[in-house]
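Residue strings, one per chain:
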Amino acid sequence: MNTNRRNFLRTTAAVTAGTMLVSPAFAGFAEKKSRYQISLAEWSFHKALFANEMTNLDFPRVTRELGLEGVEYVNQFFKDKAKDEKYLSELKKITKNEGVTNVLIMCDGEGMVGHPEEAERKKTVENHKKWIDAAAFLGCHSIRVNAGSRGEYEEQQKLAADGLRMLCEYGDTQKINVIVENHGGLSSNGDWLSGVMKMVNHKRVGTLPDFGNFTIDRQTGEEFDRYKGVELLMPFAKGVSAKTNVFNAKGDEANMDYYRLMQIVDDAGYKGFVGIEFEGSELSEKEGVIATKKLLEQVFKTL
């Protein structure tokens, strides 16, 4: 090889190496991509929705405008549309056009899953079936239910487990999961709810750990330790709810350690959507969602 040819190859190699070092594409490979996607719980905009300033059909567009990737519906904002195929088709078309994923439907007001009376438990299961069907139609992976019951600790576990098992058996027919949020009462007790999951022992059942919902009794102020609670619920998690209320000057949630909470989520090996649910009043709903998104993105970088 002559000297000129050798020098040319050296120069080309050096230039190529330099280009690779500054190439955004190469930098993208070097930067570890987060295994989490951020979705938006519709309750974050409940004030605007109740005031008719936006509708359920607007929700996917608002979600995309905020740079978020998935939508978590709340059934009460399209309560009479569960069986309306024309409406659901329109909603599905909107989400597809906006490029967002339909993640789950949060179901309230359909009865007590762990009702002490068997007939009422079965009625509650029947009430939820239409939402399982709607979730399947939209391409969601789950519906979120409440594990409400009455009676003593262990009795409530058994009753809730019975109702959830029946729901999961129907969920099997539509390939839809039935997940439970810590949402007040004994469901906000991490020991109780994780015990229910073990009793149900069904592949469709799971939890939706909510970072903020660990108040067992609002009247007495009884609370379950949020960090222990998330740790207990994560082995069964098929979703994560990133609740926020108040932010400090640094942009952190003032009442909880998000870095510690997401480390628990990460240590559990969870992959998938982390859903923003802003419930504060010091910021507007939009500002609160943006602040939560920024916080999550900062936390993801540390994991």
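Residues numbered from 1 in each chain as written. Predicted model: local features only at pLDDT ≥ 70, side-chain atom pairs only at ≥ 80, totals over all residues. Heavy atoms only, no water.

K.L.:
Honestly, the overall build of the protein in this entry has me stumped. Any pointers?
P.N.:
Counting its regular elements, the protein contains eleven helices and ten strands. In the protein, which comprises 303 residues, the share counted as buried stands at 48%. Contacts spanning at least 24 positions in sequence make up 78% of the contacts within the protein whose residues lie at least 6 apart. (Helix = DSSP H or I, 4+ residues; strand = E, 2+ residues; numbered from the N terminus. Buried < 20%, exposed > 50% of the residue type's maximum accessible area, 1.4 Å probe, protein only. Contact = heavy atoms within 4.5 Å.)

K.L.:
When you look at the nonpolar core in this model, what are you seeing that I'm missing?
P.N.:
Generally speaking, a soluble globular protein has its nonpolar side chains buried in company with each other. Grouped together as the largest cluster of nonpolar side chains are 83 residues, with contacts concentrated most on I105, I143 and F211. Ignoring any residue separated from it by four or fewer positions in sequence, one finds I105 in contact with Y73, N75, F78, W131, A134, A135, L138, C140, S142, I143 and R144. (Core = buried A, V, L, I, M, F, W, Y, C linked by side-chain atoms within 4.5 Å.)

K.L.:
What is the right way to read the sheet that holds strand β4 (residues 142-145) from this model?
P.N.:
Strand order across the open sheet formed by eight strands is β6-β5-β4-β3-β2-β1-β10-β9, with parallel pairing between neighbours. Strands with a single pairing partner mark the edges of an open sheet, and in this sheet they are β6 (205-208) and β9 (240-244). Here the average twist between neighbouring strands, direction ignored, is 30 degrees. Bridge count between strand β3 (residues 101-106) and β4: three bridges; the pairing is parallel. Residue L104 lies in a different strand from β4, and its bridge partner there is S142. (Pairing = 2+ DSSP bridges. Axes fitted to C-alpha atoms, helices over the stretch in contact; angles between N-to-C directions.)

K.L.:
Sorry if this is basic, but what is going on with the packing of aromatic side chains here?
P.N.:
Each aromatic ring pair is described using two quantities: the centre-to-centre distance and the angle formed by the ring planes. Tallying each qualifying case throughout the model produces eleven aromatic pairs. Taking the centre distance of 5.3 Å and the plane angle of 80 degrees together, the rings of F78 and W131 count as edge-to-face. Here the residue F78 occupies a position in the loop between β2 (70-74) and α5 (85-98), and W131 occupies one in helix α6 (residues 118-138), the gap between them amounting to 53 residues. Grouping residues by exposure puts F78 and W131 together as buried. Here the aromatic cluster, defined as three or more aromatic residues joined through ring pairs, consists of F59, Y73, F78, Y87 and W131. (Phe/Tyr/Trp six-rings, centres within 6.5 Å; stacked < 30°, edge-to-face > 60°.)

K.L.:
Can you walk me through helix α10 (residues 258-267) in this structure?
P.N.:
Count 3.6 residues to each turn of an α-helix, and residues three or four apart come out pointing the same way. Every buried residue belonging to α10 is among Y258, L261, M262, I264, V265 and D266, and all of these are buried. As for α10, its buried residues are in contact with β1 (36-41), α9 (226-233), β9, β10 (272-278) and α11 (285-302). Two to three positions downstream of the cap, the backbone nitrogen of Y259 sits 3.1 Å from a side-chain oxygen, assigning the N-cap of α10 to D257. (Polar contact = N/O pair within 3.5 Å; in protein donor to acceptor, adjacent residues only side chain to side chain.)

K.L.:
Teacher, can you tell me more about the packing of α9 against α10 here?
P.N.:
Two measures define how a pair of helices packs: the angle their axes make with one another and the distance between the axes. Taken N-terminus to C-terminus, the directions of α9 and α10 make an angle of 15 degrees; their axes are 9 Å apart at the nearest point. Considered as vectors, α9 and α10 are oriented roughly parallel to each other. Considering how the two elements wind past one another, α9 and α10 form a crossing that is right-handed. Taken together, the residues of α10 that come into contact with α9 (itself represented by R226, Y227, V230 and E231) are R260, L261, I264 and V265. Class assignment of the residues belonging to the contact of α9 with α10 gives a composition of five nonpolar, no polar and three charged. (Parallel < 35°, antiparallel > 145°, perpendicular 65-115°, else oblique. Left-handed = near helix turned anticlockwise from the far one by under 90°. Nonpolar A, V, L, I, M, F, W, Y, C, P; charged D, E, K, R; others polar.)

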